[in-house]
Structures are given as C-alpha cells and as structure tokens.
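Okay, here's what each chain looks like letter by letter:
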Amino acid sequence: MPRILPLVRLLSSLVTFTLLIPASDPEKPKPPFYADKSNLLVYLDADGKAIPVKSAADWQKRRGHILANMQLVMGPLPPDSAKVPLDLKVEGTETLDKVVRKKITFTVEKDDRVTAYLLIPRDLKGKAPAMLCLHQTATAGKGEPAGVGGAKNLHYALELAERGYVTLAPDYPNFGDYKIDVYAHGYASATMKGIWNHLRAVDLLQSLDEVDGKRIGCIGHSLGGHNSLFVAAFDPRIKVVVTSCGFNSFAKYQKGDLTGWSHKGYMPRIADEYNKDPTKVPFDFTEILGALAPRAVFINAPLKDANFEVSGVRDCVAAARPVYKLLDAADNLQVVYPDAEHDFPQEVRGKAYEFIDRHLRP
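Residues numbered from 1 in each chain as written. Predicted model: local features only at pLDDT ≥ 70, side-chain atom pairs only at ≥ 80, totals over all residues. Heavy atoms only, no water.

Asker: It is not clear to me how the overall build of the chain should be interpreted in this structure. Could you clarify?
Answerer: For the chain, the count of helices and strands is nine helices and 11 strands. Against the compact-globule benchmark of 21 Å for 362 residues, the chain has a radius of gyration of 19 Å, which places it among compact chains. Among the 362 residues that make up the chain, the fraction classed as buried is 58%. Summing over all exposed atoms, the chain offers an accessible surface of approximately 14800 Å²; the carbon and sulfur share of this is 52%. (Helix = DSSP H or I, 4+ residues; strand = E, 2+ residues; numbered from the N terminus. Rg over C-alpha atoms; globule rule 2.2 N^0.38 Å. Buried < 20%, exposed > 50% of the residue type's maximum accessible area, 1.4 Å probe, protein only. Areas by Shrake-Rupley, 256 points an atom, 1.4 Å probe, with all protein chains shown as cover.)

In structure tokens, the structure reads:
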C-alpha cells in the first residue's frame, strides 16, 4: 500500500495541528452543529453553508469540527504544558512462562499518578510493537486485561504480550488502585481525564527501550472499547484500534436514553447541557469512527449485545466507510458480528490479533 503511506503522514501532521486548538478557547468560535451526523462527506463553512468533502484536505475541516464538538461535551484536551516527567516506578514484578508482568505507577500530570500493569515478552529481541490495553467496567480495572483475575476472554494484554507485544494496561479513573476526583482536578468529564491519561500512557510506551514508538495500537472491551476510540481520535500515534462491544449510535443506545453516558464516570454535560437528547449532543460515534480514518480499526459487535444494540453499530460503520474510501483505506475498517452477547470470544480475539499483526508487523 505505498500510495497510502504519504497520505497517512499528511493526515497525522494535520491531526497534530488540530489538537493545538482547544474547543473551549474563548477567542475561538464554537464549531458548527451538524444535525446529520451520518453524512460525513460534508462540512459547514463559516456561513453555515454545506460544502461537499472531496479531498483529504476537505475532510480535515470536518474532522476538526468533530474533535472540537467532542470537547464541547467532554471538556478541553489539556495542553502539552500540562505534561510532567513520567517518573515510572515499579511496584512489583512477576515472571510468567512467556512474559514479565510489572505493576507500575507513572505520573500523568502534577500530583497525579496512574497505576498500571506493564507486560514485556521474556524472549524479546530488539524493539517490539506495543499495545495500550484498556479494561472494561470491572472493579479489578487493569488486572483483568493483564491476566490477574477476571474473565479469561478479556486477558488481551497478557495474550498480546505472549504474542510478542509490549503491553500496558492502566486503570481508568476510580477503578482498580486509581482513586481520583477528576472534577476537583478541573476536568469537565471522566472521559477527557481518561483520554489525557491514555495519551500519557502512549508517551510512556514510547519512552521504553523495548518499544518501537512508531508501532503502537490500542485495544479495549466495553468501557475500554469506547475509550480506545476516544484516545485514538485525539492521538495520531495510535496506528491501529481494536474496539470490542464499545459503541453504537447515540440514537440506538438504550433506545435513545443517554442516562448511561451522562453520569460522573463519563460526560455529565450530556445531561446538564444536552438533556440526554441524542439530537442535541454535538457529536456521535458515526463521526468518531470516521475521524480515525485512514488508520486501521477492527470492531467486534456481537449480535446479542444488550448494551450496544447491533444495528446502531452498523449505522456507524456505514457512515464511516465513505471516509475510508475517500482516503484510499477501505480495507482498514473491519467489523465482525459474532453470534454472541456482550463478550470478546476467543475466535474473534484471534481475528483481532491477526489484524493487529498485519498493521503493526507488516
């Protein structure tokens, strides 16, 4: 795919530029509101006129509006000046058959340390690709993907490390060992705090001697499934995303009842400013999925997922595919619909791992 690589580099540079413009900057006008969030090949100009998206440059205008509208709900992405030294500390080490598993902490911003598991293959030779592994809504947090208890089908950080990847599984705010009042720290949502912490987790992976910093991906199930999409939207360093049972369109989430998205563990503004109304929220997962193009995305969307009804996933995929086609990356968006419930079955994980291999181990 030689003709795609220069485009990816171009888009990465454009994405980086977009992140320098906080949505909450009082000097900047609010991004336009898109009533139709399924037609992504259009952007609104300063006069509110709909302009067709016909090129990668055109798409960056719509993409910039998507990121800005996400920040209206989530709060602004902190500036790079909020970064402090990572100060990695190892709290404990276990040597397994194929992997060394370390319990660590690292600093994500002033007076805030995140707890995580770092897994490194024992037979590693040279620099390896790395995967950020985000957990579901489970009390154990990081422990489940790292293989420390929990459901075996969700031990993806351990399985990927056994496959030769360096993996990092951090705690989401108020799971596992990580307790924090994100609102006292100035955040408008736990979602944006999670995004910031996960950006810093990518910083940590890139700082490791064992990691090839240009080959990094992200994987997650449920809570981790949508957090994988969120962080990848804001971080072009993430080259491949696997999202399992992580999203559908807001209109089809619990028949349009967004209560589950509006509590303090997610985005309170969905209730406080948008009345839990999908038609009023200024972004949707149709747009987030498109915002990841042309990067590689693998979606596990079980037919019997009671949390994220599958037709809403199909709606998002259908909306994003034209963007992938526009950017000559149609094959980079892959979705499977297993006959399962809210789960990440072994067969599907195998397909996901092969997908990751194709993009991080060409």
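So, next bit.
Asker: Explain the pattern of salt bridges here, please?
Answerer: Side-chain pairs of opposite charge can arise where the charged atoms are in close proximity. Under the definition given, this model contains 22 salt bridges. Here arginine 113 and aspartate 87 are joined by a salt bridge, their closest N and O atoms 3.0 Å apart. Taken together, the residues arginine 113 in strand 5 (residues 112–121) and aspartate 87 in the loop between helix 2 (56–74) and strand 3 (89–95) connect sequence positions 26 residues apart. A salt bridge links lysine 252 to aspartate 315; the nearest nitrogen and oxygen atoms lie 3.0 Å apart. One end of the pair, lysine 252, is in the loop between strand 9 (238–244) and helix 6 (269–272); the other, aspartate 315, is in helix 8 (residues 310–326), and 63 residues separate them in sequence. Overall, the relative accessible area of 32% leaves aspartate 315 in the partly exposed class. The network of salt bridges with shared partners includes Asp80, Lys83, Arg200, Asp203, Asp235 and Arg237. (Salt bridge = Lys/Arg side-chain N within 4 Å of Asp/Glu carboxyl O.)

Asker: Would you take a moment to explain the packing of helix 4 (residues 190–207) against helix 5 (residues 223–234) for this structure?
Answerer: The axes of two packed helices give the description: the angle between them and the distance between them. Look at helix 4 against helix 5: their axes get within 9 Å of each other, and the N-to-C directions meet at 65°. Between helix 4 and helix 5 lies a crossing whose hand is right-handed. Contact residues: Thr191, Met192, Ile195, His198 and Leu199 in helix 4; Asn227, Phe230, Val231 and Phe234 in helix 5. (Axes fitted to C-alpha atoms, helices over the stretch in contact; angles between N-to-C directions. Left-handed = near helix turned anticlockwise from the far one by under 90°. Contact = heavy atoms within 4.5 Å.)

Asker: What's the story with helix 2 in this structure? I'm lost.
Answerer: Note that an α-helix has 3.6 residues per turn; residues three or four places apart therefore point the same way. Taking 1.5 Å per residue as the helical rise, helix 2 with its 19 residues ought to reach 27 Å, and the 26 Å between its terminal C-alpha atoms agrees with that figure. Glycine 75 occupies a position one or two residues after helix 2 and carries a positive phi of about 95°. (Expected span 1.5 Å × (residues − 1).)

Asker: What's the story with the confidence of the model for the chain in this structure? I'm lost.
Answerer: Where the model shows low pLDDT, its predicted coordinates should not be examined in detail. Averaged over every residue, the pLDDT of the chain is 93; residues scoring 70 or more account for 93%. Within the model, pLDDT remains below 50 along residues 1–24, and this stretch shows 34 contacts once partners closer than five positions in the same chain are excluded. (pLDDT = per-residue confidence, 0-100.)

Asker: Explain the pairing of strand 3 here, please?
Answerer: If a strand is regular, its side chains alternate between the two faces of the sheet. Across six bridges, the pairing between strand 3 and strand 4 (residues 99–109) is antiparallel. Its bridge partner being in strand 4, glutamate 94 is matched across the sheet by arginine 101. Connecting strand 3 to the antiparallel partner strand 4 that follows it, the hairpin turn spans three residues. (Pairing = 2+ DSSP bridges.)

Asker: Hey, could you run me through the side chain of serine 228 in this one?
Answerer: Within the element layout of this structure, serine 228 appears in helix 5. One polar contact links the side chain of serine 228 to the main-chain carbonyl oxygen of glycine 224, over a distance of 2.7 Å. With near-sequence residues (within four places) excluded, serine 228 lies in contact with Leu134, Cys218, Ile219, Gly220, Val241 and Val242. (Polar contact = N/O pair within 3.5 Å; in protein donor to acceptor, adjacent residues only side chain to side chain.)

Asker: Just to check I follow, could you spell out the environment of glutamate 144 for this structure?
Answerer: Along the chain, glutamate 144 turns up in the loop between strand 6 (128–134) and helix 3 (156–162). Setting aside chain neighbours within four positions, we find glutamate 144 in contact with Gln136, Ala138, Gly149, Gly150, Ala151, Leu154 and His155. Within the structure, the side chain of glutamate 144 is placed 2.8 Å from the side chain of glutamine 136, a separation counted as a polar contact.

Asker: In this structure, what is going on with unusual backbone geometry? I would like to understand it.
Answerer: The general pattern is negative phi for most residues beyond glycine and trans for most peptide bonds. In this chain, alanine 293 is followed by proline 294 through a cis amide linkage whose omega measures 10°. Position of proline 294 relative to the elements: it lies in the loop between helix 7 (285–291) and strand 10 (296–300). At cysteine 245, a residue that is not glycine, the phi angle is positive and equals roughly 50°. Here cysteine 245 is to be found in the loop between strand 9 and helix 6. The phi dihedral of glutamine 254 falls on the positive side, at around 45°, and the residue is not glycine.

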